[in-house]
Amino acid sequence: MISKYLIATTILISFLNCKGQSKENSNSEVNSKNPIEVIIEREKQSTEKSYNDIGEFISRFEFKVKTDNKIDFEDGYIPWADIENPQNDLPLLDQKDVIIIPENKIKIIIDYPLTNQYEFVLKSNKGFSRGQLLMEISKHYYLLFAEEEKTATIKTIPINKRTKMANRNITDGKYGIWGHDIADMDLSEISIYRAKNGEIIVILNVVS
């Protein structure tokens, strides 16, 4: 079975995608280099990023959606869930109601495809299930993309006006989004860490 990430990497050679530094450095980089090359470089950096300094690794959980398409997905599961329209995948999300994080408070970090990461905190007396996490992660992707557009001087080029590249251009707002629209992204898995102060931190594996 070919993963979505491998498909995206192949398409990337023709289109784009990666990860960054400060906003000032990011703007300088974008202005001085071919934007496609910058995005490809950032994509490579994002795949090599380590989270060992966050804290103790606890566990990892997959997000997969049941499908009748046994040609492309032999085991009957798509190994990711849609971030753009999570409500479409929710009914068929595997073990969607099982509590996978029993803690009452967690911090979720979104750093793809962002130059500057976005963080948010969730609280729940009952812990957190896959279905709940998928919906919350989708909601916050929409929030951060909206904030990026509001704070950027370099605006997102509409899809129907993109000529040199098919993927999203690099913008210079609060988060410095590069390479992907929300429609491009899916949640494959999450990794759970415990920081030294006891805080539970959730890292996302987002495929595009």
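See above for the structure.
This report concerns the structure included in the present document. Just so it is clear, the structure is predicted and the values come from calculations on it, not from any experiment.

This paragraph deals with the side chain of Ser208. By secondary structure assignment, the location of Ser208 is in the segment after β10 (200–207). Residue class for Ser208 comes out buried when judged on its relative accessible area of 11%. Within polar-contact distance, the side chain of Ser208 engages the side chain of Tyr112 at 2.7 Å. Within the structure, Ser208 has its side chain in polar contact with the side chain of His180 (distance 3.0 Å).

Once that is clear, we can look at the nonpolar core. Within the largest apolar cluster, 43 residues are counted, with the highest numbers of intra-cluster contacts made by Ile101, Leu133, Tyr141, Ile190 and Leu204. Residue contributions to this core peak at 6 residues, all from helix α5 (residues 130–151). Among residues more than four places away in sequence, those in contact with Tyr141 are Ile83, Ile110, Tyr112, Pro113, Ile182, Met185, Leu204 and Val206. Counting 7 residues, the second largest nonpolar core, distinct from the first, contains Ile109, Tyr193, Ile201 and Ile203.

Summed over all chains, the structure comprises 6 aromatic pairs. Here Phe57 and Tyr193 contribute two aromatic rings whose centre-to-centre distance is 5.6 Å and whose plane-to-plane angle is 70°, an arrangement assigned as edge-to-face. Placement of the pair is Phe57 in strand β1 (residues 56–62) and Tyr193 in strand β9 (residues 186–194), with a sequence separation of 136 residues. Residue Phe57 is classed as partly exposed on the basis of its relative accessible area of 37%. Measuring from ring centre to ring centre gives 5.4 Å for Tyr118 and Tyr175, while their planes differ by 70°; the resulting arrangement is edge-to-face. Remark: Tyr175 occurs in the loop between α5 and β9 and Tyr118 occurs in strand β7 (residues 118–123); sequence separation between them is 57 residues. Judged by relative accessible area, Tyr175 falls into the buried class, the value being 6%. Each residue in the set Tyr118, Phe120 and Tyr175 is aromatic and connected to the rest through ring pairs, giving one cluster.

Looking at where Ser129 falls in the secondary structure, it is placed in strand β8 (residues 128–129). According to the relative accessible area criterion, Ser129 is buried, its value standing at 9%. Placed 33 residues apart in sequence, Ser129 and Lys96 show a C-alpha to C-alpha distance of 6.3 Å. Beyond its immediate sequence surroundings of up to four residues, Ser129 is in contact with Lys96, Asp97, Val98, Ile99 and Ile100. From its side chain, Ser129 meets the backbone nitrogen of Gln132 in a polar contact 3.2 Å long.

Cut-off values and rules
- Residues numbered from 1 in each chain as written.
- Predicted model: local features only at pLDDT ≥ 70, side-chain atom pairs only at ≥ 80, totals over all residues.
- Heavy atoms only, no water.
- Helix = DSSP H or I, 4+ residues; strand = E, 2+ residues; numbered from the N terminus.
- Buried < 20%, exposed > 50% of the residue type's maximum accessible area, 1.4 Å probe, protein only.
- Polar contact = N/O pair within 3.5 Å; in protein donor to acceptor, adjacent residues only side chain to side chain.
- Core = buried A, V, L, I, M, F, W, Y, C linked by side-chain atoms within 4.5 Å.
- Contact = heavy atoms within 4.5 Å.
- Phe/Tyr/Trp six-rings, centres within 6.5 Å; stacked < 30°, edge-to-face > 60°.

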